[in-house]
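Each chain, letter by letter, is given below.
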Amino acid sequence: SASSIAALLEGRKLSGVLINGGGPPAKSDLSLNWSDFESANNLLFAGPARLLQGLIPYLDNPSSVVAISSTSIKEPINGLCLSSSYRSAFMTWYHD
């Protein structure tokens with residue numbers, strides 16, 4: 001949360017941030033349920049976006065932000081449609 005980040009970084013500046021994380025389990029497209037979508041969104045898009053937004057006030061100028069993703073954002077991998085979709089969404093949002 002923003003308050004947790006503020007408590008941890010109060011009075012500090014970051015020269016860089018590395019964002020990385022795991023992904024949802026592989027599943028066939030037709031076996032996905034709504035909770036799979038919500039979980040993948042929180043894990044791969046909303047969670048990293050919320051973290052980065054919370055860290056922005058503590059980034060030095062200049063600073064670097066690096067997000068490690070997956071090759072599935074360039075070429076989808078069977079069974080990893082949620083991973084491909086949400087990782088692509090984050091990288092598109094983050095790039096902007």
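Placed above this text is the structure.
Reading the values: the criteria
Residues numbered from 1 in each chain as written. Predicted model: local features only at pLDDT ≥ 70, side-chain atom pairs only at ≥ 80, totals over all residues. Heavy atoms only, no water. Helix = DSSP H or I, 4+ residues; strand = E, 2+ residues; numbered from the N terminus. Buried < 20%, exposed > 50% of the residue type's maximum accessible area, 1.4 Å probe, protein only. Contact = heavy atoms within 4.5 Å. Areas by Shrake-Rupley, 256 points an atom, 1.4 Å probe, with all protein chains shown as cover. Expected span 1.5 Å × (residues − 1). Bend = angle between axes of the 7 residues up to and from the residue. Salt bridge = Lys/Arg side-chain N within 4 Å of Asp/Glu carboxyl O.

Caption draft 1: Quick peek at the overall build of the chain. The secondary structure content of the chain amounts to three helices and two strands. Start at the N end of the chain and walk to the C end: the helices and strands fall as α-β-α-β-α. Along the first, second and third principal axes, the C-alpha set of the chain runs to 50 × 25 × 20 Å. Out of the 96 residues belonging to the chain, those deemed buried represent 26%. Summarising the internal contacts of the chain: among those between residues at least 6 apart in sequence, 73% fall at separations of at least 24. Accessible surface computed for the chain: about 6,500 Å², of which carbon and sulfur atoms make up 56%.

Caption draft 2: Representation of helix α2 (residues 34–55). In this model, α2 (22 residues) spans 30 Å end to end at C-alpha, consistent with the 32 Å of a helix rising 1.5 Å per residue. Helix geometry: α2 is bent most strongly at Asn42, by close to 50°. Every buried residue belonging to α2 is among Asp36, Ala40, Leu44, Ala46, Pro48, Ala49, Leu52, Gly54 and Leu55, and all of these are buried. Packed against the buried residues of α2 are α1 (2–9), β1 (14–19), β2 (59–67) and α3 (81–95).

Caption draft 3: Region of the structure containing the pattern of salt bridges. Following the criterion strictly, the structure yields one salt bridge and no others. Asp36 is paired through a salt bridge with Lys27; the nearest N and O atoms lie 2.9 Å apart. Given the relative accessible area of 29%, Lys27 is considered partly exposed.

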